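Listed below, chain by chain, are the residues.
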Amino acid sequence: MASLGIDIGTQSLKAAILDDDLKLVATADRGYGPTYPNPGWAEQSSDLWLDALRPVIGQALAASRLTADDIKAVAICGQLDGCVPVDASGAALASAIIWMDRRATDEIANIDPRLISERCGLVLDPSHMAAKIAWLSRHHPDRSRIAKWHQPVSFLVAALTSEAVMSHSLASTTMLYGVTARGWDIELLNAFDIDVRELPGIADEASIAGTITTRGAELTGLNPGTPVAVGTGDDFSNPLGCGVCRPGVVAVSLGTAETVAALSERAIVDYAQLVETHAYPGGLYHLGNPGWLSGGAIRWASSLLSIASDHAFSALAATAPAGCDGLTFIPALTGATAPKWIAAARGSFIGLSTSHQPAHLARAVLEGTAFAMRDVIDRLSALGVPTGRLRLMGGGARSDVWCQIRADATGRPADVLADGDASAIGAGLMAAVAAAVSRDIKTASSAVQHALREVAPDASMGQTYEAAYRLYRERFAALEPTWSASN
Amino acid sequence: MQFDILIIGGGINGAGIARDAAGRGASVLLLEQGDLAGATSSASSKLIHGGLRYLEHYKFGLVREALAEREVLWRIAPHLVSPLRFVMPHRRGMRPKWMLRTGLFLYDTLAPRSVLEGARRLDLRSAPEGADLMESYTTGFAYSDCAVDDSRLTVLNARDAADRGADIRTRSRVVAITRHASHWAVRYRTVRGGEHEVEARVLVNAAGPWAGKVASLALGAMQPAIRLVRGSHLIVGRRLPHGAAYTLQNADGRIMFAIPYGGDFTLLGTTDQDHPGDPSSPAMTDAERDYILASANAYLREKLTTDDIVHAYAGVRALYNDGASAAKDATREYVLSLNAAAAPILSIYGGKITTYRKLAEVTMAKLAPHLPTLHTRNWTADAALPGGDFPMQGRDDLVHSLAARYPALEPALLTRLAAAYGTQTAAILGSARTVSHLGRHFGAGLYEAELRYLMDREWAMTVDDVLWRRSKLGLRVSDAEAEAISDFMDAQSSDHRLAAE
């Protein structure tokens, strides 16, 4: 017997099958992509997801030598911040407006950012679902036929089960969910002029949303009656799949962008808005910074310095001393999100001298991005969020130098997990809980075996990094007025 | 399972150590025989202060540490800690003015940098703070300190420890302790009579007045030098209208505080009486009562009588016996006694609310060699306690935003909740649109929603846990109301038991 997890990515739909010991037995995926109808717009047809289901699931079952009869439950996770309007029968009335779409700027112009911050723990932004609902309400040619608003995950759950339900964690990304009250917030609904009856109900991630209908069986090749869990967004299923399920671990995802987050037993809202708060599977809260260009900054610096690979970049950086002889890199190539959110901020190398070599520049990029991580960790800690060890995940975690810098610059031990994309596995864990293979989310997530490499902080480097970090903060503060002046 | 650290005692020291240790990655079990802050930690003067009076004893180190700590605690618990202005009237024959002025000057300069107002001289004939005093007091000195909700500070340290993975068990009395070469086996009895045995690598004895007893259980007949001193307080039903506290010098050289309390009351205390007997349920004597009233009446224009008393409490401090002759001179500095002859035990004697967090850090530093896998970085000074994730001077802003969110609820209720729960108030009130959404009203603004939160999240098991330690609503509810709360809690916990079975 087995559990099936589905991940609706932006570039592909993935399936992962876990056996009853929660070991990964097979994966499969099928690619597709978004469309960009206008500048700043990004859409994806929900048919791409529906069409991918049957072949991807079939392929994963074949690879694991299982049949549909062996699947005890399914869970769906995937891209956040999308919006799919559907009619009373559940059919999509437009392409999904996906997470990277920024068209709904007028819709948030009159919303009080403090309301969003205090109630939702989010920073007011046109990418979130509420803004997209408001935009579609104004611009959809067939407004009166729209019966429900879905995110991609809840859309797919509804397609398989005919039940309209969204998890707390999914709902907490919409700007309509009161994160301390754990429910749709009437004032937020009023602010965006949204009728609560047009939103899915809210339930726990690993609870059963419904069972597969005849239509669901046709779409998936699974048996009618198979339970489907409520699911969640990939920002939450991915760390869950990486074993992040209890307070006390700082989850750092080193992709093109870098995200830093930790879990809390209680809903904490950052009044300084450096971190956002979401509900997280298992009744927890996820506090994190949505990230800055980090792996992307390395790629940028690589091309600037004509370095062929990430490996070569790290090797070069390793030849420069810690602290880079006074050179600081501010990792704000696309705006700063740490130690403050300043959209107009831009990156800098500061403190250049004739003695600095390409290796110093390379190392400064690795250090500057690590310092931004420390900004977020210090803030999380000040808010009372438990922050112990680092868990470094994603492609960037393959760089030993970068991982060591992170341990040294924070004085914290790090567990390195270089495979990063565990969203479908996280979905599989929710399916396993829904199928009662596992007792609860925490048990399931901690049961997954990971090949972790431990990096201990080098105490002798502490003072060097402390001084370099102070310099980074002073230089950031000194640059701040120049950014607002150019605004 | 074997715990890294087993802490005996759920007072401020035990809870503070549990929090610190859990945040360093230790597996922690805390056993408390009664309720959290059930004894000494709920019977303090409720001040976080630099210990002005220690200046006279030339304990500059203690004063400096306490002054810096005042700011740290305010930052991590801005809901529980409030700045308070103190006025010290001067009278001929008391500590000379120059001594006061130099003392207060030192008090300001020993503090690192403060957002608190500095000390200055007051003309009590014109200042509003002089209106309650007898006309013979013409000059005074004003300085700043902080007030704190002592028992909630204890509970929130325990809550934070639990949120970081610690196991907190109240109503669990230790009955036997067995020492092994590399671990401890501890038997404890729960309130329902069940006995359990647990193991731990390190034992921390934070039992306060019972520390001697625990040390004897663990180490045999070795009796530590411990001195029990009783401090009693009175709460009177009168307000100091200007909102400042008085620091009153007694004829016997002791200092007495009169502190605005709970909006409508004034807290008077304390005494220092040797307490040779049983530390359980200490009581204020009539002599102590008369002494406190007489001390206050030596200053107040309108005299207090026993009719003004609405509540009295006494606590027993366990002080390390340094041989000082008078109780008031016994040291307030804590003593940590580590015995690592076999499995390590660390016993704590003394300490005070103001320095509990530092005490926990020192404790962890002493234990570090025995628990090498724990983080050695000190962290508790920079991390908010539950509900304390808002700026130091942001409590009014918090109340305003709660009022905007809950327009149907009384401002007085929101103000009380904000000062007790901080940002966690919203977790109690949820999406309540009207007061009826908070459930049954038990009197004095205590609703079912808060009561359930206290039972679910703060280990409240009896009516006194709620009325005297999680809140001070005991000053305001009637006996009948208290009984209704008690009945409700009994019904709830038997529901829990049925569900568990």
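Definitions and limits used
- Residues numbered from 1 in each chain as written.
- Chains lettered and ligands numbered in written order.
- Predicted model: local features only at pLDDT ≥ 70, side-chain atom pairs only at ≥ 80, totals over all residues.
- Heavy atoms only, no water.
- Domains from an automatic or database assignment.
- Contact = heavy atoms within 4.5 Å.
- Buried area = accessible area lost by both parts, 1.4 Å probe.
- Salt bridge = Lys/Arg side-chain N within 4 Å of Asp/Glu carboxyl O.
- Helix = DSSP H or I, 4+ residues; strand = E, 2+ residues; numbered from the N terminus.
- Phe/Tyr/Trp six-rings, centres within 6.5 Å; stacked < 30°, edge-to-face > 60°.
- Buried < 20%, exposed > 50% of the residue type's maximum accessible area, 1.4 Å probe, protein only.
- Polar contact = N/O pair within 3.5 Å; in protein donor to acceptor, adjacent residues only side chain to side chain.
- Nonpolar A, V, L, I, M, F, W, Y, C, P; charged D, E, K, R; others polar.

**Some remarks on the domain arrangement of chain A**
Residues and elements named next belong to chain A.
Item 1. In terms of domain boundaries, chain A breaks down into domain 1 (2-238) and domain 2 (243-421 + 457-485).
Item 2. The centre of domain 1, based on its C-alpha atoms, is set 30 Å off from the matching centre of domain 2.
Item 3. Across the boundary between the two partners, domain 1 contributes 22 residues, which contact 19 residues of domain 2.
Item 4. Together, the buried faces of domain 1 and domain 2 total about 1,600 Å²; carbon and sulfur atoms form 54% of this surface.
Item 5. Looking only at domain 1, the three residues that lose the most surface to domain 2 are Val 123, Phe 236 and Asn 238, adding up to 33% of its buried area.
Item 6. Linking domain 1 with domain 2 are 0 salt bridges.
Item 7. Element by element, the count of residues in the side of domain 1 that touches domain 2 is highest for helix α3 (residues 113-120), at 4 residues.

**A short note on the packing of aromatic side chains**
Item 1. Summed over the entire model, instances satisfying the criterion amount to 15 aromatic pairs over all chains.
Item 2. Both rings, one in Phe 86 of chain B and one in Phe 257 of chain B, keep their centres 5.8 Å apart while their planes meet at 80°; by these two values the pair is edge-to-face. One end of the pair, Phe 86 of chain B, is in strand β4 (residues 81-90); the other, Phe 257 of chain B, is in strand β13 (residues 255-261), with 171 residues separating them in the sequence.
Item 3. A residue is classified by how much of its surface remains accessible, and Phe 86 of chain B, at 0% relative accessible area, is buried.
Item 4. On the accessibility criterion, Phe 257 of chain B (11% relative accessible area) is buried.
Item 5. Among the aromatic side chains, those forming a connected cluster through ring pairs are Trp 300, Phe 329 and Phe 349 of chain A.

**Side note on the interface of chain B and chain A**
Item 1. With 24 residues of chain B in contact, the opposing surface of chain A contributes 26 residues.
Item 2. Taken together, the two surfaces of chain B and chain A that pack against each other cover about 1,900 Å², and 46% of this comes from carbon and sulfur.
Item 3. Between the two partners, chain B and chain A, sit 3 salt bridges.
Item 4. The closest approach of N and O atoms between Glu 187 of chain A and Arg 433 of chain B, which form a salt bridge, is 3.9 Å.
Item 5. For the pair chain B and chain A, the number of links is 6 residue pairs in polar contact (both at pLDDT 80 or more).
Item 6. For the side of chain B that touches chain A, the secondary-structure elements that each account for two or more residues are α4 (150-163), α8 (395-405) and α10 (425-429) of chain B.

**Examining the domain arrangement of chain B**
Residues and elements named next belong to chain B.
Item 1. Once the domains are mapped, chain B shows domain 1 (2-40 + 151-225 + 331-382), domain 2 (51-149 + 227-317) and domain 3 (395-500).
Item 2. For domain 1 versus domain 2, the separation of C-alpha centres amounts to 31 Å.
Item 3. With 22 residues of domain 1 in contact, the opposing surface of domain 2 contributes 23 residues.
Item 4. Here domain 1 packs against domain 2, burying approximately 2,000 Å² in sum over the two surfaces, 61% of which is carbon and sulfur.
Item 5. Where domain 1 packs against domain 2, one counts 2 salt bridges.
Item 6. Between Glu 69 and Arg 357 there is a salt bridge, and its shortest N-O distance comes to 2.7 Å.
Item 7. In this assembly, domain 1 and domain 2 are joined by 6 residue pairs in polar contact (both at pLDDT 80 or more).
Item 8. Elements with a minimum of two residues in the side of domain 1 that touches domain 2: α4 and α7 (356-367).
Item 9. Among the elements that make up the side of domain 1 that touches domain 2, the one with the highest residue count is α4 (4 residues).
Item 10. Taken together, the residues of the side of domain 1 that touches domain 2 sort by class into 9 nonpolar, 5 polar and 8 charged.

**Let's talk about the side chain of Thr 170 of chain B**
Item 1. Within the element layout of this structure, Thr 170 of chain B appears in the loop between β7 (167-169) and β8 (172-179).
Item 2. Contact partners of Thr 170 of chain B, with chain neighbours within four places excluded, come to Glu 32, Gly 34, Leu 36, Trp 459 and Met 461 of chain B.

**Considerations on the pattern of salt bridges**
Item 1. Summed over the entire model, instances satisfying the criterion amount to 62 salt bridges over all chains.
Item 2. Here Asp 378 of chain A ties to Arg 374 of chain A by a salt bridge, and the two come within 3.3 Å at their closest N and O atoms. Taken as a pair, Asp 378 of chain A and Arg 374 of chain A lie in helix α12 (residues 358-382) at a separation of 4 residues, close to a single helical turn.
Item 3. Looking at Arg 374 of chain A, the relative accessible area reads 10%, which means it is buried.
Item 4. Its salt-bridge partner being Asp 35 of chain B, residue Arg 469 of chain B comes within 2.5 Å of it at the nearest N-O pair. Of this pair, Arg 469 of chain B sits in helix α12 (residues 463-470) while Asp 35 of chain B sits in the loop between β2 (28-31) and β3 (47-48), and the two are 434 residues apart along the sequence. Summarising the burial analysis for this pair, Arg 469 of chain B and Asp 35 of chain B share the class buried.
Item 5. Through salt bridges that share partners, Arg 266 of chain A together with Arg 19, Arg 159, Asp 160, Asp 163, Arg 164 and Arg 457 of chain B make up one connected network.

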